[in-house]
Amino acid sequence: MDYKSVLLVIIGMFLGKTDALQNLELSLSYTNFELFLKTHYPVYHMEPDTFKGNDSLLIGGSRGLETTDGQTTTRILRIFVSSFTQLNRTHVVVVHRFEHCLKILNRENGNFQTLAGTCGYSGYTEKGVPSGQHFKPFGVQLDIRNPGKLIVTDTYNHALVSVDVQSGQLHTITKSGFKEPSSLQWANKQQVFVINYHSYISQVNWSNTGSVESHVVTGSPTIQGDAIGKMEQALFDTVAGVEKLRDNIYLVADSKNRKLKLLDMNQQVVGAVCVRGEKPCSVSSVLPREPTSLVEIEGKMYVAMHNNIYKLTGESFACKYVSLPSGEGRIQLRLTEPQLQSPVQHLGQVHVEQIAQSPYSTCTYHSTVEDFPVTRRLSFRAKFNLPCSLMAEHGFKFYVKAAFRQKKKIIQELCGKDCTLPLNLEPQSNCENDTLTVYWLTSRIHLADMEEPPEGMKKVTEQINQSSLMTSLGSHDSSYSFDTDSAQTNTSRDMVEVALFSTCTDPSQSYDSNTDSCS
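Residues numbered from 1 in each chain as written. Predicted model: local features only at pLDDT ≥ 70, side-chain atom pairs only at ≥ 80, totals over all residues. Heavy atoms only, no water.

(A) Region of interest: the side chain of Thr90. Relative to the helices and strands, Thr90 resides in the loop between strand S7 (84–86) and strand S8 (91–96). You can call Thr90 buried: its relative accessible area is 13%. (Helix = DSSP H or I, 4+ residues; strand = E, 2+ residues; numbered from the N terminus. Buried < 20%, exposed > 50% of the residue type's maximum accessible area, 1.4 Å probe, protein only.)

Below you can see the structure in the form of structure tokens.
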């Protein structure tokens, strides 16, 4: 799709007066998947290198801390680094996991010293250096609420810990709801994601009063698996990292499943991620090896997989919407070509022209919804022999409407899941030349340019026509005298057929069948 200048036409459905966008499915596809660097060892954390700049990447893993631009790689430390964070341009804090401590490196002079914990000794002591103790800490992040502190996952103490950058003082933030916490990722200034025991993600929330609470966001504390969908139903097997893509949208490394997944906090769903441009992207691509770390830099997603780092570019979100706002205005949409082919119900047409796109924010579009004056509603139609003079009798109308409702119930039962006859839509009728025509309306609506009903309802109409209850209207009453109210048949000898019932989009207008217009 050409994102520079494109005019898209989408069909939208109006749900009463609902103006909100409803996102049913979310996926992400990358068109370019290329090798960036062979590391020859597992990488557990990556960040842009603020000391070197020039698009360099700082990487930490089983063989140390290194900096690379993809062409030249320089080793900085030779220790096991499960995570690190850069305090500023010159100082980086590394987690020395198997020594149970945090250390700080001055990259200008090479000074490397203990910041928190007691290196070589495990435990759980809330003190400063040299008495404080961790038990195999894993992840570390700057506390964006308080730049003078760090947040650390103390894995085998099952705790989230605060560390004072100056004194190394340890303080427990919370131990509630964690099981062997590992990596961290800030969602915003009040919330942080914590990966737990391989298979689930928790969210820690700070209130304005300073109180802390945590809860499971997605995945299961007891079940490891592979599933997408609603957040409470999604499953993972060894989550290795979470990286922010947009506000409330994140990429998740599902390591042992060898997949990436999309976490959408707005829609409360976990979606698929494809790395080879698959369309549609309904199931995540299987990666060459297990992903162990993620980082996005200026629209490029770097994914560490075992002994290599890959670069993913050309991202394309695919969303399906079922309602769009009426009138003119600016709305947020993410569109791809497969969406345009998705059949949805509609009352109007939306002209969407993209005017801006940024790798750091949702694309912005300008839209105008153009309401069509005439719409066609999918209906079931039957014709009955009946003197039209009777329809002027108020008492007779009562019996006729009761008969209409009885037939509506029969049609809905026979239709099952193939169609819906809404309770709030009364059957419509007109009588000419002693022939009563009745329409039982469904929830499916089509634009005025559709002249014939859609195919695919043959099985349903066959079932309806086999019902003996449809052979007559069933409106007999001793107060009124007439020969018959039998159903007429068409050339196919069907009593009931699928039809389009035309009406005006604006309820204040009247439809003229002779001119097919509203006024």
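(B) Looking closely at the state of the cysteines. The full count for this structure, using the stated rule, is 4 disulfides. Disulfide partner of Cys101: Cys119, at an S-S distance of 2.0 Å. Measuring the twist about the S-S bond at about 95°, one finds the Cys101-Cys119 disulfide to be right-handed. Of this pair, Cys101 sits in strand S9 (residues 101–106) while Cys119 sits in the loop between strand S10 (112–117) and strand S11 (137–142), placing them 18 residues apart in sequence. Overall, Cys101 belongs to the buried group, its relative accessible area being 0%. (Disulfide = S-S within 2.5 Å.)

(C) Focus on the sheet that holds strand S15 (residues 181–188). A sheet is described by the order of its strands in space; here 4 strands give the open sequence S15-S16-S17-S18, paired in antiparallel fashion. Because the sheet does not close on itself, it has two edges, and the strands there are S15 and strand S18 (212–219). Geometrically, the sheet is characterised by an average inter-axis angle of 25° between neighbouring strands, direction not taken into account. Where S15 lies against strand S16 (residues 191–196), 5 bridges are found, and the strand directions are antiparallel. Across the sheet, the residue bridging to Trp186 is Val192, located in S16. (Pairing = 2+ DSSP bridges. Axes fitted to C-alpha atoms, helices over the stretch in contact; angles between N-to-C directions.)

(D) Inspection of the sheet that holds S10 at higher detail. Taking strand neighbours across the sheet as the criterion, the 4 strands line up as S7-S8-S9-S10 in an open arrangement whose pairing is antiparallel. Looking at the sheet topology across the chains shown, the edges are occupied by S7 and S10. The sheet shows a mean angle of 25° between the axes of neighbouring strands, taken without regard to direction. Bridge count between S9 and S10: 5 bridges; the pairing is antiparallel. Paired with Leu105 across the bridge in S10 is Phe112.

(E) Structural context of helix H2 (residues 394–415). Along its 22 residues, H2 runs 31 Å from first to last C-alpha, staying within 8% of the 32 Å computed at 1.5 Å per residue. Those residues of H2 that fall on the buried side of the exposure criterion are Phe396, Val400, Ala403, Phe404, Lys407, Lys408, Ile410, Ile411 and Cys415. When H2 is viewed along its axis, its buried side chains cluster within an angular range of 165° and face the same direction. The exposed set on the far side of H2, more than 90 degrees from its buried face, consists of His394, Phe398, Lys409 and Glu413. (Expected span 1.5 Å × (residues − 1). Arc of directions from axis to C-beta.)

(F) Just the packing of aromatic side chains, in detail. Following the criterion strictly, the structure yields 8 aromatic pairs and no others. Measuring from ring centre to ring centre gives 4.8 Å for Phe80 and Phe98, while their planes differ by 70°; the resulting arrangement is edge-to-face. Highlighted residues: Phe80 in the loop between strand S6 (73–77) and S7 and Phe98 in the loop between S8 and S9, separated in sequence by 18 residues. Ring plane angle 45° and centroid distance 5.5 Å describe the contact between Phe135 and Tyr156, whose orientation is recorded as tilted. Of this pair, Phe135 sits in the loop between S10 and S11 while Tyr156 sits in the loop between strand S12 (149–154) and strand S13 (159–164); the two residues are 21 residues apart in sequence, bridging distant segments of the chain. Residue classification places Phe135 among the partly exposed positions, given a relative accessible area of 31%. Among the aromatic residues, ring-to-ring pairing joins Tyr44, Phe80 and Phe98 into one connected group. (Phe/Tyr/Trp six-rings, centres within 6.5 Å; stacked < 30°, edge-to-face > 60°.)

(G) Geometry of the pairing of strand S4 (residues 57–61). Of all 5 residues making up S4, 5 are buried, and the element is well covered by its neighbours. Neither face of S4 is exposed, since Leu57, Ile59 and Gly61 on one face and Leu58 and Gly60 on the opposite face are all buried. Note: strand S3 (residues 43–48) against S4, 5 bridges, orientation antiparallel. Of the residues in S4, the one forming a bridge with Met46 is Ile59.

(H) The pattern of salt bridges, seen in detail. All told, the structure shown has 13 salt bridges when counted by the stated rule. Between Arg145 and Asp143 there is a salt bridge; the shortest N-O distance is 3.2 Å. Using a relative accessible area of 3% as the deciding quantity, one classes Asp143 as buried. Taking the shortest distance from any N to any O, the salt bridge between Glu315 and Arg246 comes out at 2.2 Å. Taken together, the positions of Glu315 in strand S26 (residues 308–321) and Arg246 in strand S20 (residues 239–246) put the pair 69 residues apart, joining distant regions of the chain. (Salt bridge = Lys/Arg side-chain N within 4 Å of Asp/Glu carboxyl O.)

(I) Spotlight on unusual backbone geometry. Phi at Arg258 takes a positive value of approximately 55°, unusual for a residue other than glycine. A relative accessible area of 32% places Arg258 in the partly exposed class. Located in the positive-phi region is Asn433, a residue other than glycine, with phi close to 55°. Within the fold, Asn433 resides in the loop between strand S31 (428–432) and strand S32 (435–447). Take Asn433: its relative accessible area is 75%, and that puts it in the exposed class.

(J) Expanded view of the nonpolar core. Ranked by internal contacts, the top residues of the largest apolar core, which has 29 residues, are Phe380, Leu436, Trp440 and Met470. Of all the secondary-structure elements, those providing two or more residues to this core are strand S30 (374–385), H2, S32, helix H3 (458–465) and strand S33 (496–504). Tallying contributions element by element places H2 first for this core, with 7 residues. If near-sequence neighbours (up to four positions away) are discounted, Met470 is found in contact with Phe384, Lys407, Ile410, Ile411, Trp440, Ile464, Ala487, Met495 and Val496. Ala240, Leu245, Leu294 and Val303 belong to the second-largest nonpolar core, a separate cluster that totals 19 residues. (Core = buried A, V, L, I, M, F, W, Y, C linked by side-chain atoms within 4.5 Å. Contact = heavy atoms within 4.5 Å.)

(K) Layout of the side chain of Thr155. Looking at the secondary structure, you find Thr155 in the loop between S12 and S13. Within polar-contact distance, the side chain of Thr155 engages the side chain of Arg97 at 3.4 Å. At 2.9 Å, the side chain of Thr155 and the backbone oxygen of Pro181 are in polar contact. Setting aside its immediate chain neighbours within four residues, Thr155 contacts Arg97, Phe135, Lys136, Pro137, Phe138, Glu180 and Pro181. (Polar contact = N/O pair within 3.5 Å; in protein donor to acceptor, adjacent residues only side chain to side chain.)

(L) Here's a closer look at the pairing of S9. Among the 6 residues of S9, 6 are classified as buried, and the element is accordingly described as predominantly covered. Burial along S9 is two-sided: Cys101, Lys103 and Leu105 and Leu102, Ile104 and Asn106, pointing in opposite directions, are all buried. Looking at chain direction, S8 and S9 are connected through 6 bridges and run antiparallel. Bridging from a neighbouring strand, His91 pairs with Asn106 of S9. Taken together, S9 and the strand that follows it, S10, pair antiparallel across an intervening segment of 5 residues, in which Gly110 is found at a positive phi of about 80°.

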